[in-house]
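Chain and residue survey
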Amino acid sequence: MADEPANTVLYDVSEGLATITINRPGAMNAMNTAAKVALRDALLAASADAGVRAVLLTATGRAFCVGQDLKEHVATLTATREAGGGNALSTVREHYNPIVRAITGMAKPVVAGVNGVAAGAGFGFALAADYRMVADTASFNTSFAGVALTADSGVSWTLPRLIGQSRAADLLFFPRSISAQDALELGIVNRIVPAAELAEQAAAVARTLAEGPTVAYAALKESMAYGAGHTLAETLEKEDELQTRAGASQDHTIAVEAFLAKEKPVYLGK
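Residues numbered from 1 in each chain as written. Predicted model: local features only at pLDDT ≥ 70, side-chain atom pairs only at ≥ 80, totals over all residues. Heavy atoms only, no water.

**Brief notes about the nonpolar core**
Let me state the cut-off plainly: To form a nonpolar core, buried Ala, Val, Leu, Ile, Met, Phe, Trp, Tyr and Cys residues must be joined to one another through side-chain atoms within 4.5 Å. Burial classification: accessible surface area is computed with a 1.4 Å probe over protein chains only, and a residue below 20% of its type maximum counts as buried, one above 50% as exposed, and the rest as partly exposed. Between two residues, a contact is recorded if the distance between any of their heavy atoms is within 4.5 Å.
Counting 60 residues, the largest nonpolar core has L39 and F125 as its most contacted members. Those residues in contact with L39, other than ones at most four positions away along the chain, are V9, I20, I22, M31, L57, I99 and F125.

This is the structure:
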């Protein structure tokens, strides 16, 4: 593409907040191989960096991410057929799965600042985040069945857990554009803001999380993920384990002392 940016994903860390920005606005932030590798590596870097206490995942232009770059995908399909075989969708294993695991598995909160349409894998990335702030002009679309594919990027796991099996089946079998307001009513998003204010407000929420009790947030993420696939009895045991961990953190002591002193706590993230 003539207007292809030099960096398909931008990465910035400031005061404990890592901002990861998908940056292919001319392609509505469709994921070609370079973008998938860059996004995966940026998320893994944020996860491994002890100085990062929260992540904001957002995008440039009028789309959040429309999923797979179909132009590149068609070229891959053609090359695979001409070679006489192979897996034209190995990108799921090599890129999309690691991206979603990085978002859901990192021991720090991830905010998705959805500035526009989130479709296919882009929808999956947003669903994988811990908190979704969206522009009032944003929209969502599962898209997969529309190109004769099944769900990937965790959508078959995240979407039913957010909105229920029946509603998820409706959106997956009959892909269509869902407005920000409809997504809020379905329980897909946490907060809608005017499009012109999204960047500022999403950054403010993410920065608040970056200044918060990181160990407690990590425990909350782990507890909710664990509870989604375990019994109440098992989850109670996990809560005991995680509460012990959170209770031993410096931030817990800081929080209790600040509460007793009627002061605002200043957390260290450990």
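**Here we look at the environment of E4**
The following threshold applies: Working definition: helices are DSSP H or I runs of at least four residues, strands are E runs of at least two. Numbering for both runs from the N terminus.
By the secondary structure assignment, E4 is in the segment before β1 (9–14). On a C-alpha basis, the gap between E4 and N115 in space is 20 Å, while along the polypeptide they are 111 residues apart. With residues up to four places along the chain from it excluded, the contact list for E4 reads R24 and N32.

**What about helix α9 (residues 214–227)?**
To keep things clear, this is the line we draw: One less than the number of residues in a helix, times 1.5 Å, gives the span that helix is expected to have.
For α9, with 14 residues, the first-to-last C-alpha span of 20 Å sits near the 20 Å given by 1.5 Å per residue. Buried within α9 are the following residues: T214, A218, A219, K221 and S223. Packing partners of the buried residues in α9 comprise α3 (91–105), β5 (110–114), α10 (232–247) and α11 (250–260).

**Things to note about the pairing of strand β3 (residues 54–59)**
Just so we agree on the cut-off: At least two DSSP bridges between two strands are needed for those strands to be called paired. For crossovers, right-handed means that the path from the first strand over the helix to the second runs clockwise, given strands pointing away from the viewer.
Across the six residues that make up β3, a large majority, six, are buried. A two-sided burial pattern is seen for β3, the buried positions comprising A54, L56 and T58 on one face and V55, L57 and A59 on the other. Pairing of strand β2 (residues 17–22) with β3, which is carried by six bridges, proceeds in the parallel orientation. Directly across from T19, in β3, lies its bridge partner L56. Between the parallel pair β2 and β3, the chain is carried across by helix α1 (residues 33–48), and the sense of this crossover is right-handed. As paired strands, β3 and β5 are joined by three bridges and run parallel to one another.

**Here's the deal with the sheet that holds strand β4 (residues 63–65)**
The strand order across the open sheet formed by four strands is β4-β6-β8-β9, and the pairing between neighbours is mixed. Among the strands making up the open sheet, the edge pair consists of β4 and β9 (178–179). Where strand β8 (residues 139–141) meets β9, two bridges bridge the pair, whose relative direction is antiparallel. Of the residues in β9, the one forming a bridge with S139 is S179.

**Focus: empty space enclosed by the protein**
Definition in use: With a 1 Å grid spanning the protein atoms alone, the term cavity applies to any set of points in which a 1.4 Å probe fits but cannot get out, the term pocket to an open set with protein on both sides within 12 Å along at least five of seven lines, and the term lining residue to any residue with an atom within 4 Å of a point. Grid points are joined across faces, edges and corners, and a volume is the space filled by probe spheres set on the points. Under the grouping applied here, Gly and all other residues not named as nonpolar or charged are polar, the nonpolar ones being Ala, Val, Leu, Ile, Met, Phe, Trp, Tyr, Cys and Pro and the charged ones Asp, Glu, Lys and Arg.
One pass over the structure, following the stated rule, counts one cavity of 30 Å³ or more. As a volume, the largest cavity reaches approximately 30 Å³. F123, F140, N141, T142, L171, P175, R176 and I178 together form the lining of the largest cavity. Classifying every residue of the lining of the largest cavity gives five nonpolar, two polar and one charged.

**Some words on the packing of α3 against helix α4 (residues 121–128)**
Note the cut-off: Note on geometry: axes are C-alpha line fits, over the in-contact stretch for helices, and angles between N-to-C directions span 0 to 180 degrees. Roughly parallel here means an angle under 35 degrees, roughly antiparallel means over 145, roughly perpendicular means 65 to 115, and every remaining angle is called oblique. Crossing chirality is assigned from the near helix's rotation relative to the far helix, an anticlockwise turn below a right angle marking it left-handed and a clockwise turn marking it right-handed.
Across the interface, α3 lies against α4 with an axial gap of 9 Å and an inter-helix angle of 20 degrees. One finds that α3 runs roughly parallel with respect to α4. Note that α3 runs across α4; the crossing there is right-handed. Contact residues: α3 offers Y96, I99, V100, I103 and T104, while α4 offers A121, F125 and A128. Classifying every residue of the contact of α3 with α4 gives seven nonpolar, one polar and no charged.

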